[in-house]
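Results of the structural survey
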Amino acid sequence: MSDQPESAVSTDAEAPEAVPLEAYASELADRLGAEGFTVEFDTVRIHVSPDRWVETINAAREDLELFSWLSAIDWSKEVEVGDPVDDVDALEERFEVLCRLSSVENADGAIFVATLPRDEPSIASLVPTIAGAEWHEREAHEMFGIDFEGNTNLAPLYLPDDFIGNPLLKSYPLISREVKPWPGDVDVESIPEPDEEPGDES
Amino acid sequence: MNFWLELVIKLVAVLLTVLTGALVVIYAELKAGSHMQSRIGPYNAGGRWGWAQPLADGLKFLQKEDLAPAEADRAVYGFAPYVVMMSTIAVFVVIPFGPDLWAADLDLGAYFLLAISSISVLGILMAGWASANKYSLVGGLRAAAQLIAYELPLVLAVVAVVIQAGTMSLNGIVEAQADTWFTIGTFEVSAPFLVRGQVIGFVIFMIAAVAELSRIPFDMPIAESELTMGYLTEYSGIRFTMFFLGEYASMIALSAIAATLFLGGYALPGIPDSLANFAGPGVLLGKVAILIFFFIWIRWTWPRLREDQLQRLAWHWLIPLALVNIAVISIFKVAF
Amino acid sequence: MTTPEMIHRSEAAVSVELQTPDMTLNLGPQHPSTHGVLRLIAKVDGERVRDVEPVIGYMHRGYEKLSEVRTYAQITALVNRIDWVSGFANEVPFILGVERLTGIEAPPRAQYIRMILTELARISSHLVFISSYPLELGATTPLMHALREREYVLELIEEVTGGRFHPNFNRVGGIKPNYGGGSTTKKQSMDLPAGFFQRASEAMDRMDKICDDIDQLVTGNELIKMRTVDVGVIPAAKALEYGLTGPNLRASGVAYDLRKIENYLPYDDIDFDIAVREGGDCFDRYMVRLQEIRQSARIVRQAIEKIPTGPLQAKVPRVLKVPKGQVYSRAENPKGEFGYYIVSEGGKMPYRLKIRSTSFSNLTILPWVLKDELIPDLVAIMGSLDFVLGDVDR
């Protein structure tokens, strides 16, 4: 009485020949009229100007149909927690809004990056065309303080109602570290020496 | 015998039957259900078979604090479980356990049964409303709709039996089934109504009975995974025990009614009349046990129906079928 | 009459005063069928849900902030607690991302073991779904049978990794070399426990058997079909717009499975099908997961035969410095696409870690799909999306 799946797809080498990522990224950036692209570690990033955010993403959705996630990065010279950036002096302080779209037919995908100034970070909202972006934008808003114009429901998502501040900003401390200081880097299992087998302990 | 003494004896007998019966059925449900789920069930309470589990649960409930929601209507809230319990116990008054073992032999036995058992709907509505809780209210309303919808197939199935038996008195119905149906040579054959053409009626009655009991697959009123116990949400302690016992008591009651109306009651062909009073209760309880096992089996196997599907089943299927059943039985009764 | 804007988030008390025709029903954080602490503020008209507002964040633990102050090895220990039902599968994309950044590749045997453990995690997660979903519909028995079978899988995972739910087994460059039972000399016993493959094959036979049993008990049941067919239909375009992935997306007709598309683990050597169904209703989502258990059992069997010998961990430098760069690493988790966006600025800790959690995206569709559904269907649809609150809240 078992139901067979209506269509069980068996694909062996169905993904088309991997176009070298650089060529793919460059073609995509040109087609969308983007400002530039970066390819590193098999990840494609397309840099988009904030004014053209919505139209670029909508144009890209014709091939890359799956809206995966939307988030932000806070590039800041002073960090309360964690390590600062590699080259602090050369850093431009800014916010970056990231949106990842993936294709459902092959492994293509790109992360669209828009740079926002630190003082009044604000960008157009994707919600009118991509309804699923609403919660992602809510999260970015409460964690970073970025305003999404056009999103009418920017109420806090995770944080309690009486929370003050934007936690994921680099200037926001980690309360647990305030309460109990960092005991130092304690490695229970040390990483083996280059000439040791894993498991050889000296 | 003195009227009052007889009355007291009958009351005590009925109450004892109901309460011990309910406890036994609770234990059976726990054990049978567990084994269906590849578990063991009660194991420790009272020795290896865990037979004292329902007793232990009952004692635990009795010593609990008497809680009521602050906004609840105390009078209605307190009275509701007793309304349900009362209507259940009253059913046992008319069920015959043997040719002379009954509490009251009413001419309107079947009518009385149906009328009294529908009072429990009131009790459930009272519970749902007086709890001052939205879950309870939704559960109570669902219960009212369901119970009223399924009263009709129940009644119509019983009507068909009454037509075939020619009497509403339950003793009379049992005797009608024990009467000869036809003779093969000198051998007199008698058969319960189930065999005599009431198969559809029996099925309708059983489905309606499961719905009247609010058991899975018809337990929308208590839909545990949606409404956290529906109209029972705010009940705890003794009041919850009343509801709980009431549910299992009415399970026995409806099984006993089904056994009396369709399966022949306390009579079994082959038992001489002199032993009938001793064997009668045993026979009836055996039939009741089989029916209760079916209730338990179905409860642990199937999911629950949605409210509108439930209503559709009652109104589109069971009631027309029951009416057709009545028509067919009447034709056969008149023609043959 | 209340309007949607008037529902304030902090309306915690259940008010007795009834406003007809719409009533606000609070399916509060503590509820038998919300898979954890999820609160739904539902505006209800009789039995029909007009509007639903999910309130999440009860389990928000601040993973992304915590990751900024933890080394990569420490993050591996934390990360399997995001989706606690499929513990091992959460670690895999993270460790693969770090390996991409550092350029270290795990040896083939380690990759096969990762694949086996991921598939066992997938079976475990789907068995939890198979057990709890019929319970929400009212069938109480599949719960026990499915969870009993899940014990066999959890025992296997525990044998290998030491933990049933939180294995913490991945290391950069491979998996944790076991100092298995017996002699304590260093070069010995650094592999899987003896007899593991035998026990795994037996467990996979049990998986096939439980799928057959569940088929008999649940799939062919008319009542289950009445409750789930054509309930909560999600068309493919909507699913893609909301970011649905995994079995939810495959039930809507989109054959998207990262195991076939992205070769992050050696799935190319294994022959298996992905379960796809048209329709997108609750029954399809349930069937897809049931089929996936069978396919995972198939994968585990083949992986056991084909697994190569060799070391379990590549040579990794003593002080692990991850070069500067950004990488997005994703994998097919039991619940969908699970990804990590790692922003590294050199150094031992990431500058930013964005976790693309599957259940968060799966949950965003809830207000849309629950519009104008009946309350029992609300429970059925929520259950069929199979989300875990730890995954939603991170």
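Parameters at a glance
Once a new chain begins, its residue numbering starts again from 1 and follows that chain's sequence as written. Going through the entries in the order they are written, you letter the chains from A and number the ligands from 1. The model is predicted, so local features are restricted to residues of pLDDT at least 70 and side-chain atom pairs to those at 80 or more, both for listing and for counting; the totals for chains, interfaces and linings are taken over all residues. Comment: elements are numbered from the N terminus, with helices defined as DSSP H or I runs of at least four residues and strands as E runs of at least two. Field definition: a residue is buried when 20 or more other C-beta atoms are found within 10 Å of its C-beta, exposed when 12 or fewer are, and partly exposed for counts in between, with C-beta atoms placed from the backbone. Whether two residues are in contact depends on their C-beta atoms, placed from the backbone: they are in contact if these lie within 7 Å. We call a set of buried Ala, Val, Leu, Ile, Met, Phe, Trp, Tyr and Cys residues a nonpolar core when their C-beta atoms link them within 7 Å. The source of the domain bounds is an automatic or database domain assignment. Axis definition: a line fit to C-alpha positions, over the contact stretch in the case of helices; interaxial angles, taken between N-to-C directions, run 0 to 180 degrees. Under this scheme an angle from 65 to 115 degrees is roughly perpendicular, one under 35 degrees roughly parallel, and one over 145 degrees roughly antiparallel; angles in between are oblique. All residues other than Ala, Val, Leu, Ile, Met, Phe, Trp, Tyr, Cys, Pro, Asp, Glu, Lys and Arg, Gly among them, are scored as polar; the first ten of these are nonpolar and the last four charged. Here, any two strands with at least 2 DSSP bridges between them count as paired. By the definition used in this description, the sense in which the near helix is turned from the far one sets the handedness, with an anticlockwise turn below a right angle giving left-handed and a clockwise turn giving right-handed. Under the convention used throughout, the expected extent of a helix is 1.5 Å for every residue step, that is, one less than its residue count. Confidence per residue, as judged by the predictor, is encoded in pLDDT with a range of 0 to 100. In this description, one arc is meant: the one made by directions from the helix axis to the C-beta atoms.

1. Details of the overall build of chain C
Within chain C, the regular secondary structure consists of 15 helices and 10 strands. The buried share among the 394 residues of chain C stands at 57%. Expressed as a percentage of contacts within chain C between residues at least 6 apart in sequence, the contacts between residues at least 24 apart total 71%.

2. A few points about the nonpolar core
One recurring pattern in soluble globular proteins: nonpolar side chains tend to sit buried together. Membership of the largest hydrophobic core comes to 261 residues, with the highest contact counts inside it found for Ile46(A), Phe112(A), Phe205(B), Ala208(B) and Ala258(B). When residues are assigned to domains, this core turns out to be shared by domain 1 (4–55) and domain 2 (64–356) of chain C, each giving three or more. For Phe112(A), the residues in contact, after removing those within four places along its chain, are Ile46(A), Val48(A), Thr56(A), Ile57(A), Ala60(A) and Cys99(A).

3. Observations regarding the packing of helix 2 (residues 53–62) of chain B against helix 10 (residues 237–262) of chain B
Residues and elements named next belong to chain B. Contact geometry for helix 2 and helix 10: axes closest at 7 Å, N-to-C directions at 140°. Classed by the angle they form, the pair helix 2 and helix 10 counts as oblique. Together, Gly58, Phe61 and Leu62 of helix 2 and Gly237, Ile238, Phe240 and Thr241 of helix 10 make up the contact between the two elements. Of the residues assigned to the contact of helix 2 with helix 10, the class counts are four nonpolar, three polar and no charged.

4. Focus on the interface of chain B and chain C
With 24 residues of chain B in contact, the opposing surface of chain C contributes 28 residues. For the side of chain B that touches chain C, the elements supplying multiple residues, two or more each, are helix 9 (224–227), helix 11 (276–301) and helix 12 (307–335) of chain B. Broken down by element, the side of chain B that touches chain C gets its largest block of residues, three residues, from helix 9 of chain B. Along the lines of polarity and charge, the residues of the side of chain B that touches chain C split into nine nonpolar, six polar and nine charged.

5. A few points about the sheet that holds strand 3 (residues 43–48) of chain A
Residues and elements named next belong to chain A. Within the open sheet, the five strands sit side by side as 2-3-6-5-4. Their pairing is mixed. Only two strands of the sheet have a single partner each, and these edge strands are strand 2 (36–40) and strand 4 (66–75). Adjacent strand axes in the sheet meet at a mean angle of 25° when their direction is disregarded. Strand direction decides the pairing type here: strand 5 (residues 94–102) and strand 6 (residues 109–116), joined by eight bridges, are antiparallel. Bridge pairing links Arg100 to Ile111 in strand 6. The strands touched by helix 2 (residues 53–60) within the sheet are strand 3, strand 5 and strand 6, with strand 6 carrying the most contacts at an inclination of about 180°. Across the sheet, helix 3 (residues 133–144) lies against strand 4 and strand 5, angled at about 10° from strand 4, the strand it touches most.

6. Digging into the sheet that holds strand 2 (residues 39–45) of chain C
Residues and elements named next belong to chain C. The four strands are arranged 1-2-3-10 in an open sheet whose pairing can be described as antiparallel. Whereas interior strands pair on both sides, the edge strands pair on one side only; in this sheet they are strand 1 (23–27) and strand 10 (373–374). In this structure, strand 2 lies alongside strand 3 (residues 48–55), joined through seven bridges in antiparallel fashion. Looking at strand 3, one finds that Ile41 is bridged to Glu53.

7. Observations regarding the packing of helix 2 (residues 72–79) of chain C against helix 3 (residues 87–102) of chain C
Residue and element names in this part refer to chain C. With their axes 9 Å apart at the nearest point, helix 2 and helix 3 run at an angle of 160° to one another. Relative to helix 3, the element helix 2 is oriented roughly antiparallel. By crossing handedness, the relation of helix 2 to helix 3 is classed as right-handed. For the pair formed by helix 2 and helix 3, the contact residues are Tyr72, Ile75, Thr76 and Val79 on the first element and Asn90, Glu91, Phe94, Ile95 and Val98 on the second. Taken together, the residues of the contact of helix 2 with helix 3 sort by class into six nonpolar, two polar and one charged.

8. Topic: helix 4 (residues 108–137) of chain C
All names here are of chain C. Here helix 4 is 30 residues long and its end C-alpha atoms lie 44 Å apart, about the 44 Å a rise of 1.5 Å per residue gives. Counting buried positions along helix 4 gives 27 out of 30 residues, so the element sits mostly inside the fold. Phi for Gly138, located one or two positions after helix 4, is positive at around 115°.

9. Some words on the environment of Leu370(C)
Residue and element names in this part refer to chain C. The topology assignment puts Leu370 in the loop between helix 13 (366–369) and strand 10. Owing to 22 C-beta atoms within 10 Å, Leu370 belongs among the buried residues under this scheme. Apart from the residues within four sequence positions on either side, Leu370 is in contact with Val49, Val52, Leu378 and Ile381.

10. Describing unusual backbone geometry
A cis amide bond links Ile216(B) to the next residue, Pro217(B), at an omega of 5°. At Ser38(B), a residue that is not glycine, the phi angle is positive and equals roughly 55°. Within the secondary structure, Ser38(B) is located in the loop between helix 1 (3–36) and helix 2. For Ser38(B), a count of 10 C-beta atoms within 10 Å gives the class exposed. Look at Asp230(C): it is not a glycine, yet its phi comes out positive at around 65°. With respect to the helices and strands, the residue Asp230(C) is situated in the loop between helix 7 (222–228) and helix 8 (236–242).

11. Brief notes about the environment of Ser344(C)
Residues and elements named next belong to chain C. As for its position among the elements, Ser344 is in strand 8 (residues 336–344). Taking C-alpha positions, Ser344 is 5.3 Å from Gly325, a pair spaced 19 residues apart along the chain. Not counting chain neighbours up to four residues away, the residues in contact with Ser344 comprise Leu101, Val322, Pro323, Lys324, Gly325, Pro350 and Tyr351.

12. With respect to the confidence of the model for chain B
Averaged over every residue, the pLDDT of chain B is 84; the share at 70 or more is 97%. Least confident of the elements in chain B is helix 9 of chain B, whose mean pLDDT is 51; most confident is helix 8 (residues 199–212) of chain B, at 90.

13. Re the pairing of strand 2 of chain A
All names here are of chain A. The sheet contact formed by strand 2 and strand 3 spans five bridges and is antiparallel. Counterpart to Phe37 in the pairing with strand 3 is Ile46. Connecting the antiparallel pair strand 2 and strand 3 is a turn made up of two residues, with Phe41 showing a positive phi of about 50°.

14. Description of the confidence of the model for chain C
All names here are of chain C. Looking at chain C as a whole, the pLDDT averages 83, with 90% of positions reaching at least 70. Between residues 1–19, whose pLDDT stays under 50, and residues either more than four places distant or in other chains, the model counts 20 contacts. Counted against residues more than four places away or in other chains, residues 180–189, with its pLDDT under 50, gives 11 contacts. The ipTM value of the predicted complex is 0.84, and its pTM value is 0.83.

15. A short note on the environment of Lys287(B)
All names here are of chain B. Topologically, Lys287 is positioned in helix 11. On the neighbour-count criterion, Lys287 (22 C-beta atoms within 10 Å) is buried. Sequence spacing of Lys287 and Ala258 is 29 residues, and the spatial spacing of their C-alpha atoms is 9.1 Å.

16. Focus on the pairing of strand 6 of chain A
Residues and elements named next belong to chain A. Taken across its eight residues, strand 6 has six buried, putting it largely inside the fold. Pairing of strand 3 with strand 6 involves four bridges; the strand directions are parallel. Its bridge partner being in strand 6, Arg45 is matched across the sheet by Ile111.

17. Quick word on helix 1 (residues 21–32) of chain A
Residues and elements named next belong to chain A. For helix 1, which comprises 12 residues, the first-to-last C-alpha distance of 16 Å matches the rise-based estimate of 16 Å (1.5 Å per residue) to within 8%. Buried residues of helix 1: Ala25, Ala29 and Leu32, and no others. One side of helix 1 holds all its buried residues, which, seen down the axis, span an arc of 75°. Turned more than 90 degrees away from the buried face of helix 1 sit Ala23, Glu27, Asp30 and Arg31, all of them exposed. For helix 1, the elements touching its buried residues are strand 2, strand 3 and helix 2.

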